[in-house]
Amino acid sequence: ATIPCLPSAAGENLCGRAGCRCRWGQGFCWLLGLCGSLESGIIRVQGAEKMILSLQGCMAAGKTTAARYLQQHATEIHVSFEDNAAVVQKVKERGLKKDVYEDYLEIQRLYILHEIQRHERVSRYSNVVMDFGAEEIEFYTLDYPKAMGKTWEISGPLKRELAMLRECMPDKIVFLEAEEKILRQRKEKDGTRSRRFFDFYVQSLLPLKREWFRGREDVVFLDTSHLTSQETGEQVKALVGKIFAGV
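Residues numbered from 1 in each chain as written. Predicted model: local features only at pLDDT ≥ 70, side-chain atom pairs only at ≥ 80, totals over all residues. Heavy atoms only, no water.

A. Quick look at the overall build of the protein chain. Across its full length, the protein chain carries nine helices and seven strands. Evaluated residue by residue, the protein chain yields a buried proportion of 47% over its 247 residues. Relative to all contacts within the protein chain whose residues are 6 or more apart in sequence, the contacts with residues 24 or more apart total 71%. Carbon and sulfur atoms make up 48% of the accessible area of the protein chain, which totals about 12700 Å². (Helix = DSSP H or I, 4+ residues; strand = E, 2+ residues; numbered from the N terminus. Buried < 20%, exposed > 50% of the residue type's maximum accessible area, 1.4 Å probe, protein only. Contact = heavy atoms within 4.5 Å. Areas by Shrake-Rupley, 256 points an atom, 1.4 Å probe, with all protein chains shown as cover.)

B. Summary view of the environment of Phe244. Tracing the backbone shows Phe244 in helix α9 (residues 229–245). Not counting the four nearest positions on each side in its chain, Phe244 is found in contact with Met51, Leu53, Ile77, Asn127, Val128 and Val129.

C. Examining unusual backbone geometry more closely. In this model, Ala60 sits at a positive phi of 75°, which is unusual for a non-glycine residue. In this structure, Phe132 is a non-glycine residue whose phi angle is positive, near 70°. One can find Phe132 in the loop between β5 (127–131) and α5 (134–147). We classify Phe132 as buried; its relative accessible area is 11%.

D. Quick look at helix α7 (residues 180–188). Among the residues of α7, those classed as buried are Ile182, Leu183 and Lys187. All buried residues of α7 lie within an arc of 140° about the axis, which places them on one face of the element. Summarising the geometry of α7, the exposed residues directed more than 90 degrees from the buried face are Lys181 and Glu188. (Arc of directions from axis to C-beta.)

E. Here's a closer look at the side chain of Asp103. One can find Asp103 in helix α4 (residues 101–122). No salt bridge is formed by the buried Asp103. Its closest oppositely charged neighbour is Lys97, at 7.4 Å. Setting aside chain neighbours within four positions, we find Asp103 in contact with Gly95, Leu96 and Lys97. (Lys, Arg positive; Asp, Glu negative; His and termini not counted. Salt bridge = Lys/Arg side-chain N within 4 Å of Asp/Glu carboxyl O.)

Below, the structure is given as structure tokens:
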């Protein structure tokens with residue numbers, strides 16, 4: 001597997017680090033710990049062929065429950081759980097506000113950097129399941145402003161970062177879906193989720209997410225509306241097993 005520290009077409013040292021010809025510039029690859037070699041500027045992860053899957057879907061559809069089930073009952077798979085605590089802390093320390101354009105761009109740079117580092121950590125494993133992956137950061141970066149009613153230009157200012165993020169996309173996505181009334185029932189039983197954000201998510205963000213992922217060839221949908229937590233875990237395990245086996 002390769003990590004996106006690629007040499008520029010002209011071979012110039014844009015990174016600024018001795019021996020690196022990274023085309024991203026401004027030391028971005030060095031911040032990731034992925035500065036390229038003198039020979040080619042490409043970092044290679046040693047090991048067997050790997051496949052990365054991502055568990056994606058609606059809030060309260062059973063994604064994290066399924067990931068925990070896989071961790072317990074499919075030990076041959078490395079499960080990487082979403083953990084953005086470090087980014088949230090940085091955003092808080094710097095006083096960044098996601099409803100301010102310049103701050104939003106900087107917040108998403110932090111999330112993208114964090115996700116690329118996460119991808120680098122799991123690249124040593126053969127079979128990986130991500131509790132959300134790079135596809136979630138790409139979707140959120142580009143579509144969250146739309147959910148807020150903003151018409152911000154995002155792709156241009158974050159062109160370099162998004163290009164690097166897209167090198168970290170999973171090979172396949174399993175999207176867990178559920179009926180809205182079921183999602184709301186599950187939310188009522190889960191005190192960890194803010195009611196206000198959940199309502200915003202269901203009404204404004206979820207329709208955009210469904211549109212983003214529906215129809216893609218790399219996405220498999222699983223409706224968990226009438227499944228127990230145990231059944232969700234079992235069905236996800238069976239589906240993931242078939243995907244890894246190439247069935």
